[in-house]
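Descriptive structure summary
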Amino acid sequence: MRRALEVARRGWGETHPNPLVGALIVEDGEVVAEGYHAKAGEAHAEVNALAALGRKPKPGAMLYVTLEPCCTHGRTPPCTDAIVDAGITRVVVGTTDPNPAHAGKGFDVLRAGGVEVETGVLAADCTDLNLIFNHWIAKGGPLFAAKSGVTLDGKVATRTGDSKWITGEKSRADGHRWRRLFPAIAVGAGTVRADNPRLTARSAGGEWCPWRFVFDGLLRTVTDKALPSVYTDEFHERTIVVTTPHGGLGYVRKLNALGVKTWVLPAQSPKVNFQDFRKRCAVEGITGVFFEGGAQLLSELLQARELDYLFTYHAPVLFADDKGKSILRGLRTETLGEAIRLEQVRHEIHGDDSLMRGFVKYPAKINVDEATFNRKLYGE
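Quantities reported herein were computed from a predicted structural model and do not represent experimental measurements. (Residues numbered from 1 in each chain as written. Predicted model: local features only at pLDDT ≥ 70, side-chain atom pairs only at ≥ 80, totals over all residues. Heavy atoms only, no water.)

1. Points about the overall build of the protein chain
In terms of regular secondary structure, the protein chain is built from 12 helices and 18 strands. For the C-alpha atoms alone, the extent of the protein chain along its principal axes is close to 75 × 45 × 40 Å. Across the protein chain, contacts joining residues at least 24 apart in sequence account for 72% of those joining residues at least 6 apart. Charge centroids of the protein chain, computed over 48 positive and 45 negative side chains, lie 5 Å from each other. (Helix = DSSP H or I, 4+ residues; strand = E, 2+ residues; numbered from the N terminus. Contact = heavy atoms within 4.5 Å. Lys, Arg positive; Asp, Glu negative; His and termini not counted. Charge placed at Lys NZ, Arg CZ, Asp CG, Glu CD.)

Okay, here's the thing in structure tokens:
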């Protein structure tokens, strides 16, 4: 199953809105064929593994697959039919289909066809493989995840704003790997104006551009003489500025003339409403958004209880300075019971840094310290 997970990751970032799936055919204890789902609308992992074998499986052949085989006819025929027709006698599955309408039905079809089925092998790892897909199916909307690189005392910059680089090269490379998985990346206007980021996924395999969201309720990024690169580079048509009516239609027309898309969402203030943004993403079929900052955007996302998942890279660095800049602010947490926690936590080591990631669990009530938050972040 660990090998099937490795094979599944060959489709990393390419399968949305479908899941990542890997499959192996085993004969006499040896892997004789592998397959993975490469893109929505194309053949599924099980069918690709059978095709890679190029012949009828031997009697007693087994199939290992990371996700329950589909049993309904969508853009491709049911994988359960292909498995039974091929004469596979045993199927070992990582995790069940998260869709309640399908969950377990594929197993029933296989057993009715005379196939022995074993489930739950490396289930946690197989579930973790499809964070975005599982959330999309269960919630009917995109997964909002945030990433931060912090010191051991939770700072993202010194009191003067120096922040490059807190984390090491291996952590930054892993961040680009996650960028490649998510169909969209998001930052705030302050990050665009201060850092002029490319917001692309870069690796040894080249450069890839997701949808790039810039949250700019007042369209401050358009008023500068030198426009940021996300509005003018070779990927500018992949940029979407999320704004409000407070930004001005003239600037909206300017962006549109450049080929940059705009989403003008209704709002009583210059702050974008994250619920409206989530709904628009769902309509557009954007299954996940990777928020990378800055502090204002991520803090507002947390205050609105709209952050679903958090990635935090911890570097072996200490500032020990009260005036060092924190990534998340604006809450008034008086007891541990009011604290926000992570669930289904996973830990990874990247060089000297450690990554902690998990689903955000909110307490019954969040106390937002609006006055302090606005004073620190907006200068009000």
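2. Topic: the sheet that holds strand 15 (residues 309–314)
Strand order in this open sheet of nine strands is 13-12-11-8-14-6-15-18-17, and the pairing throughout is mixed. Strand pairing shows two members of the sheet lacking a second neighbour, strand 13 (261–264) and strand 17 (341–350), which therefore form its edges. Put simply, the sheet's adjacent strands are angled 20° from each other on average, direction ignored. Both strand 8 (residues 184–188) and strand 11 (residues 211–215) contribute to a ladder of five bridges, which runs parallel. Bridge assignment links A184 to a residue of strand 11, and that residue is W211. (Pairing = 2+ DSSP bridges. Axes fitted to C-alpha atoms, helices over the stretch in contact; angles between N-to-C directions.)

3. Quick look at the pairing of strand 13
It is a general feature of regular strands that their side chains alternate between the two faces of the sheet. Here strand 12 (residues 239–243) runs beside strand 13; their pairing, made up of four bridges, is parallel. The residue bridging V242 from the neighbouring strand is W263, located in strand 13. As for the winding sense of the linkage, the β-α-β connection from strand 12 through helix 9 (residues 249–258) to strand 13 is right-handed. (Right-handed = clockwise from strand over helix to strand, strands pointing away.)

4. Details of the confidence of the model for the protein chain
For the protein chain, the average pLDDT comes to 92, and 97% of its residues sit at 70 or higher. Low confidence marks residues 375–380, where pLDDT is under 50. Its contacts with residues over four positions away, or in another chain, come to 11 contacts. (pLDDT = per-residue confidence, 0-100.)

5. Description of the environment of Y313
Assignment of secondary structure puts Y313 in strand 15. Given the relative accessible area of 3%, Y313 is considered buried. Sequence-wise, Y313 and T167 are 146 residues apart; in three dimensions their C-alpha atoms are separated by 7.2 Å. Each residue touching Y313, except ones within four places of it in the same chain, is listed here: K147, S148, G149, V150, T167, S171, D174, G175, W178, H350, S354 and L355. (Buried < 20%, exposed > 50% of the residue type's maximum accessible area, 1.4 Å probe, protein only.)

6. A closer look at the pattern of salt bridges
Inspection of every chain in the model, using the stated rule, returns 25 salt bridges. Between E284 and R280 there is a salt bridge, with its nearest N and O atoms 3.2 Å apart. Of this pair, E284 and R280 both sit in helix 10 (residues 274–284), four residues apart, roughly one helical turn. A salt bridge links R357 to E348; the nearest nitrogen and oxygen atoms lie 3.1 Å apart. (Salt bridge = Lys/Arg side-chain N within 4 Å of Asp/Glu carboxyl O.)

7. Some remarks on the environment of E284
Judged by relative accessible area, E284 falls into the partly exposed class, the value being 42%. C-alpha of E284 to C-alpha of D216: the two residues are 68 residues apart in sequence and 20 Å apart in space.

8. So, the packing of helix 3 (residues 79–86) against helix 4 (residues 105–112)
At their nearest, the axes of helix 3 and helix 4 sit 10 Å apart, and the two run at 25° to each other. As far as their axial angle goes, helix 4 and helix 3 are roughly parallel. Crossing hand, helix 3 versus helix 4: right-handed. Touching T80, I83 and V84 of helix 3 are G106, V109 and L110, all from helix 4. Looking at side-chain class alone, the contact of helix 3 with helix 4 contains four nonpolar, two polar and no charged residues. (Parallel < 35°, antiparallel > 145°, perpendicular 65-115°, else oblique. Left-handed = near helix turned anticlockwise from the far one by under 90°. Nonpolar A, V, L, I, M, F, W, Y, C, P; charged D, E, K, R; others polar.)

9. Let's talk about the nonpolar core
Counting residues in each nonpolar core, the largest one holds 30 residues, and the members touching the most others are F213, F215, W263, F277, V289, F291 and L307. Among the secondary structure elements, those contributing two or more residues to this core are strand 6 (143–150), strand 8, strand 11, strand 12, helix 10, strand 14 (288–291) and helix 11 (295–303). Ranked by residue count, the leading element in this core is helix 11, at five residues. Apart from the residues within four sequence positions on either side, V289 is in contact with L143, F144, A145, F182, A184, I185, A186, F213, F277 and C281. Residues A4, L5, A8 and L181 belong to the second largest nonpolar core, which totals 26 residues. (Core = buried A, V, L, I, M, F, W, Y, C linked by side-chain atoms within 4.5 Å.)

10. Things to note about the sheet that holds strand 2 (residues 30–36)
With respect to topology, five strands assemble into an open sheet ordered 2-1-3-4-5, the strand pairing being mixed. Of all strands in the sheet, those with a lone pairing partner are strand 2 and strand 5 (116–118), marking the two edges. Within the sheet, the average angular offset between the axes of one strand and its neighbour, ignoring direction, is 20°. Across the sheet, helix 2 (residues 45–53) lies against strand 1 (22–27), strand 2 and strand 3 (62–67), angled at about 130° from strand 2, the strand it touches most.

11. Details of helix 11
Burial within helix 11 is extensive, with eight of its nine residues counted as buried. Every buried residue belonging to helix 11 is among A295, L297, L298, S299, E300, L301, L302 and Q303, and all of these are buried. At the exit of helix 11 stands R305, carrying a positive phi of roughly 60°.

12. Comments concerning the packing of helix 2 against helix 3
In a packed pair of helices, the relevant descriptors are the angle between the two axes and the axis-to-axis distance. Between helix 2 and helix 3, the least distance of the axes is 9 Å, while the angle of their chain directions is 30°. If you check the angle between helix 2 and helix 3, you find them roughly parallel. Here helix 2 runs over helix 3; the crossing is left-handed. Within the contact between the two elements, helix 2 uses E46, V47 and L50 and helix 3 uses C79, A82, I83 and A86. Grouping the amino acids of the contact of helix 2 with helix 3 by side-chain chemistry returns six nonpolar, no polar and one charged.

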